[in-house]
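Examining the three-dimensional arrangement
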Amino acid sequence: MIREFGSEDILFLLLATRWTILLTLASALIGGTIALVVAVLRIVPLRPANWLAIGYINLVQGTPVLGQLFIFFFGFSVFGWSVGAWTAAVTAFSIYASAYLAEIWRGGLQSVPKTQWESSAALGLTYLQRLRYIIVPQAVRINIPPTVGFIVQLIKNTSLASVIGFVELSRAGQMLNNATFAPMSIYLTVAAIYFVICYSLSNVSQRLERRIHVAR
Amino acid sequence: MNYDFRFSSLLAYRDELVEGVLLTLQLSAATIVIGLVIGVVVAAMRTGAPGPFKAIATVYVETIRNTPLLVQLFIIFFGLPSLGLRFTANEAALLGLSVNLGAYSAEIIRAGIESVRKSQIEAGHALGMNGYQVFRYVILFQALKSIYPALTSQFILLMLMSSIVSTIGANELFHQASFIDSRTFRSFEVYSAITLIYLCLTLVFRSVFLGIYWSVFVRRPAR
Amino acid sequence: MSLVNLEAVHKRFGEFEVLSNINLSVSEGEIVAIIGRSGSGKSTLLRCINGLEPVQQGRITVDGTEVTAANADLNNLRQRVGMVFQSYNLFPHLSVERNVTLALKVVRKTPYAEARDIAHEVITKVGLADKFGAYPDELSGGQQQRVAIARSLAMGPKVMLFDEITSALDPELVGEVLRVLEALAADGMTMLLVTHEMKFAKTVGNRTVFMHEGRIHEEGDSRETLEHPRTPELTGFLDAVLH
Ligand SMILES: Nc1ncnc2c1ncn2[C@@H]1O[C@H](COP(=O)(O)OP(=O)(O)OP(=O)(O)O)[C@@H](O)[C@H]1O
Ligand SMILES: [Mg+2]
């Protein structure tokens, strides 16, 4: 049964967008937590920890997100757990985000001048105290724009969750397409929704970047 | 855990895997060439062209960078036929990837051109060089050197992202995975193996790019 | 006959008049020192002479070519006008030799062997014969500036423009660059140089031009002008730089 692409379909797409956003937020939060650990492991003065972090980052950044998604989708059942597309997607995108965020944040941490480490050490702060009270607060400012920039990448990549059947914006578009067969209007609408979200975030990121440059 | 891993069943599909690797390499190489040409033209439009061209270039770059490749592919492969533009899956894949890479590389190239200091351009002009000569002999090499790391990372990302074209049925490495999966039903093994092959490709790409960097951009000790 | 001639030149950046009514005539072999406060328009004056900046009003001719003409062949003109900048501006990706031979090869289409001979000659002239294969970042500031001079000299210019070429240098490196300029002066090179080295302006310059707020405020024989300034502005300026 083929029908026209209408306003209720746009509503359908907008409702599905919630899942795109939710998937992005969940992955960013979980991924961010892992990334914090990986970034610190990457910079602590302990070779094996550094190697571990480097290996992890290279492994994730060296493989396609689509592959990661399928591995988790089928991988859970290998362990006898049956999970849905949501869990598989959140897991895969958290891992994906953690590697990229770790690499971004490492850059920020290392951009804090050495003298800050030295002068806080001279005050008797332990390594973790120096990190916690002196280095991280300074790195946060620098890290915000590229982190927002990465969230844009993440949003776009969550469209891949559609291939394991998770219904977010892209998948909703495909479903509508099967019902209405108006591919051009549907996919242009889908693209427009992504564009509005991503472009606004990109702009925020650029504006923050500029403000930080001016402040320095 | 009592899952019985059977990676060995994949060995029967060596030929398919090798073919997939070759297809992905071909697709990546073709995309890099076309994408770079687009990137250079669009970067030139954004830095040096009059208003309307600049606006077109900006709209192109922002649109592509702020929408998912998957949706771009859907528009090309499923949407354009309704306007009478029909592509095979492979053509749509090459087109989509090139248009995508073009936008990202345009931004990188633009940053590279802008990174060459204005005083360098003036020094060239002061010696009597025309605009083309200044670009060719003064700007180009310096700009290329400064963008090389970002550009080659983008190429690797492109190679990994080319897996996405399997969703429209284009032929490349990831597409072979679904084929083997449908024959063996060993999904986990198939996708793990494929993902590892991509990791190897990444390492190969990186070594090649590093090799090129060393031979082109790193200065030999004085002759 | 004058080699460089400026008639009633006006130059504006937007509303702001950087050069107003400049008249200046430099004959062959003459050495003109241009002095003045920061922002008085000295660099702009030099940049107008080789067409790096367009002017809004007036006429500039150099070696018979009208720089200000709408259809002026600036690339051709610039081969006859050497310019050296405060910040050297060597091409960082090219060796000393290739910095010097680049314009010969691509602009002048000089055969390689000949270009190399010319490069040898000018690099030796600035005292860097042993640095032929070095790269800019392997040289001191003074050495880089001498290469920049050699790079301009290689084109066989009729006149050379120097814009505060010793200002970015450590004091102990200034001498080696000034000695190169003295050698050029002895060869009879026509030069316009913006400088803060008053002693050099006095001993080497034939004429000194004092710029003030975009105008030529005072000019004359170097020794005379610098020892007996006629205007309070120049007196004030000299007091400020000499103490
Ligand atoms: N591209 C430009 N756009 C706008 N204003 C400019 C530009 N270049 C120079 N100016 C202005 O023109 C005036 C003269 O500049 P110029 O560089 O010629 O001064 P100068 O005498 O060489 O000074 P200094 O000793 O600092 O080098 C200055 O007020 C400067 O701010
Ligand atoms: Mg100046």
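Residues numbered from 1 in each chain as written. Chains lettered and ligands numbered in written order. Predicted model: local features only at pLDDT ≥ 70, side-chain atom pairs only at ≥ 80, totals over all residues. Heavy atoms only, no water.

All names here are of chain C. As a structural note, the neighbourhood of ligand 1 is formed by Phe13, Phe16, Val18, Arg37, Ser38, Gly39, Ser40, Gly41, Lys42, Ser43, Thr44 and Glu164. The contact in question runs from an oxygen atom of ligand 1 to an N or O atom on the backbone of Gly39, over 2.8 Å. One of the backbone nitrogen or oxygen atoms of Gly41 is found 3.0 Å away from an oxygen atom of ligand 1. In isolation ligand 1 exposes 640 Å². Once the protein is present, 60% of that is buried. The biggest single contributor to the shell around ligand 1 is helix H1 (residues 42–49), with three residues. Among the residues forming the shell around ligand 1, the class breakdown is three nonpolar, six polar and three charged. (Near = heavy atom within 4 Å. Polar contact = N/O pair within 3.5 Å; in protein donor to acceptor, adjacent residues only side chain to side chain. Areas by Shrake-Rupley, 256 points an atom, 1.4 Å probe, with all protein chains shown as cover. Helix = DSSP H or I, 4+ residues; strand = E, 2+ residues; numbered from the N terminus. Nonpolar A, V, L, I, M, F, W, Y, C, P; charged D, E, K, R; others polar.)

On to the arrangement of the chains, then. The chain pair with the greatest number of contacts, out of two pairs of chains in contact, is formed by chains A and B. The closest approach of any C-alpha atom in chain A to one in chain C is 25 Å; the two make no contact. (Contact = heavy atoms within 4.5 Å.)

If you look at the interface, chain B gives 35 residues, while chain A gives 36 residues. Both faces considered, chain B and chain A share a buried interface measuring about 3100 Å² in area, 77% of it formed by carbon and sulfur atoms. If you look at where chain B meets chain A, you find zero salt bridges. Applying the counting rule to chain B against chain A returns five residue pairs in polar contact (both at pLDDT 80 or more). (Buried area = accessible area lost by both parts, 1.4 Å probe. Salt bridge = Lys/Arg side-chain N within 4 Å of Asp/Glu carboxyl O.)

A separate point is helix H3 (residues 96–106) of chain C. The buried fraction of H3 of chain C is high, at nine of eleven residues. All buried positions along H3 of chain C are accounted for by Val96, Glu97, Asn99, Val100, Thr101, Leu102, Ala103, Leu104 and Val106 of chain C. Structurally, H3 of chain C contributes buried residues whose contacts are with helix H6 (131–161) of chain B together with helix H4 (112–125) and helix H5 (141–153) of chain C. (Buried < 20%, exposed > 50% of the residue type's maximum accessible area, 1.4 Å probe, protein only.)

As a further point, take the UniProt feature "transmembrane region" (unreviewed entry) in chain A. Sequence positions flagged by UniProt for "transmembrane region" (unreviewed entry) are, in local numbering, residues 20–44, 56–79, 85–105 and 179–201 of chain A. The annotated region residues 20–44 of chain A carries 96% helix and 0% strand content, and the separation between its end C-alpha atoms amounts to 35 Å. (UniProt positions renumbered as here; feature names shortened; annotations may be inferred.)

Below, the discussion takes up helix H7 (residues 169–180) of chain A. All names here are of chain A. Along its twelve residues, H7 runs 16 Å from first to last C-alpha, staying within 8% of the 16 Å computed at 1.5 Å per residue. For H7, the complete set of buried residues consists of Leu169, Ser170, Ala172, Gly173, Leu176, Asn177 and Thr180. Along the axis of H7, the buried residues cluster in a sector spanning 155 degrees; they form a single face. Residue Glu168 occupies the N-cap position of H7, its side-chain oxygen lying 3.1 Å from the main-chain nitrogen of Ser170. Phi turns positive one or two residues past the end of H7, at Phe181, with a value near 50 degrees. (Expected span 1.5 Å × (residues − 1). Arc of directions from axis to C-beta.)

Next up on the list: the packing of helix H1 (residues 7–43) of chain A against H7 of chain A. A pair of packed helices can be characterised by two numbers: the angle between their axes and the separation between those axes. Residues and elements named next belong to chain A. Two elements in contact, H1 and H7, have axes whose closest approach is 8 Å; the angle formed by their N-to-C orientations is 155 degrees. Looking at the two axes, H1 sits roughly antiparallel to H7. Of the two elements, H1 crosses H7, and the hand of that crossing is right-handed. In contact with Asp9, Phe12, Leu13, Ala16, Thr17 and Thr20 of H1, H7 contributes Leu169, Ala172, Gly173, Met175, Leu176 and Thr180. In terms of residue class, the contact of H1 with H7 is made up of seven nonpolar, four polar and one charged. (Axes fitted to C-alpha atoms, helices over the stretch in contact; angles between N-to-C directions. Parallel < 35°, antiparallel > 145°, perpendicular 65-115°, else oblique. Left-handed = near helix turned anticlockwise from the far one by under 90°.)

With numbering matched to this structure, UniProt assigns "domain: ABC transmembrane type-1" (unreviewed entry) to residues 21–209 of chain B. A distance of 18 Å separates the end C-alpha atoms of residues 21–209 of chain B, which is 83% helix and 0% strand.

Attention shifts here to the packing of aromatic side chains. Residues and elements named next belong to chain B. Going through the model one piece at a time under the given rule, you end up with 30 aromatic pairs over all chains. Between Phe141 and Phe217 the ring centres are 5.3 Å apart and the planes differ by 55 degrees, which places this aromatic pair in the tilted class. Taken as a pair, Phe141 in helix H6 and Phe217 in the segment after helix H8 (187–216) lie far apart in primary sequence, 76 residues in all. For Phe217, a relative accessible area of 8% gives the class buried. (Phe/Tyr/Trp six-rings, centres within 6.5 Å; stacked < 30°, edge-to-face > 60°.)

Following the UniProt record, the feature "domain: ABC transmembrane type-1" (unreviewed entry) maps to residues 17–205 of chain A here. Taken end to end, residues 17–205 of chain A is 83% helix and 0% strand, and its two terminal C-alpha atoms sit 21 Å from one another.

On to the packing of H1 of chain A against helix H4 (residues 85–110) of chain A. Residues and elements named next belong to chain A. In the contact formed by H1 and H4, the axes pass within 5 Å of each other and the chain directions differ by 45 degrees. What the angle tells us is that H1 and H4 run oblique. Helix-helix and strand crossings are classified by hand; for H1 and H4 the assignment is right-handed.

Let us now look at the interface of chain C and chain B. Counting residues at the interface gives 27 residues for chain C, matched by 19 residues for chain B. Counting the surface lost from both chain C and chain B, the interface buries some 2000 Å², and carbon and sulfur atoms represent 57% of this. Contact with chain B buries surface across chain C, with Phe91, His93 and Val106 of chain C losing the most and accounting together for 26% of the total. Between the two partners, chain C and chain B, sit five residue pairs in polar contact (both at pLDDT 80 or more). At the level of elements, helix H2 (74–80), strand E6 (81–84), H3 and H5 of chain C are the ones that each hand at least two residues to the side of chain C that touches chain B.

Glancing now at the nonpolar core. Counting 103 residues, the largest nonpolar core has Phe93 and Leu160 of chain A together with Ile194 and Tyr198 of chain B as the members making the most contacts within it. For this core, the leading source of residues is H4 of chain A, giving 13 residues. Leaving out residues up to four positions away in the same chain, Ile194 of chain B has contacts with Leu17, Leu173, Phe174 and Ala177 of chain B. Residues Leu127 of chain B together with Leu24, Val84 and Val122 of chain C belong to the second largest nonpolar core, which totals 93 residues. (Core = buried A, V, L, I, M, F, W, Y, C linked by side-chain atoms within 4.5 Å.)

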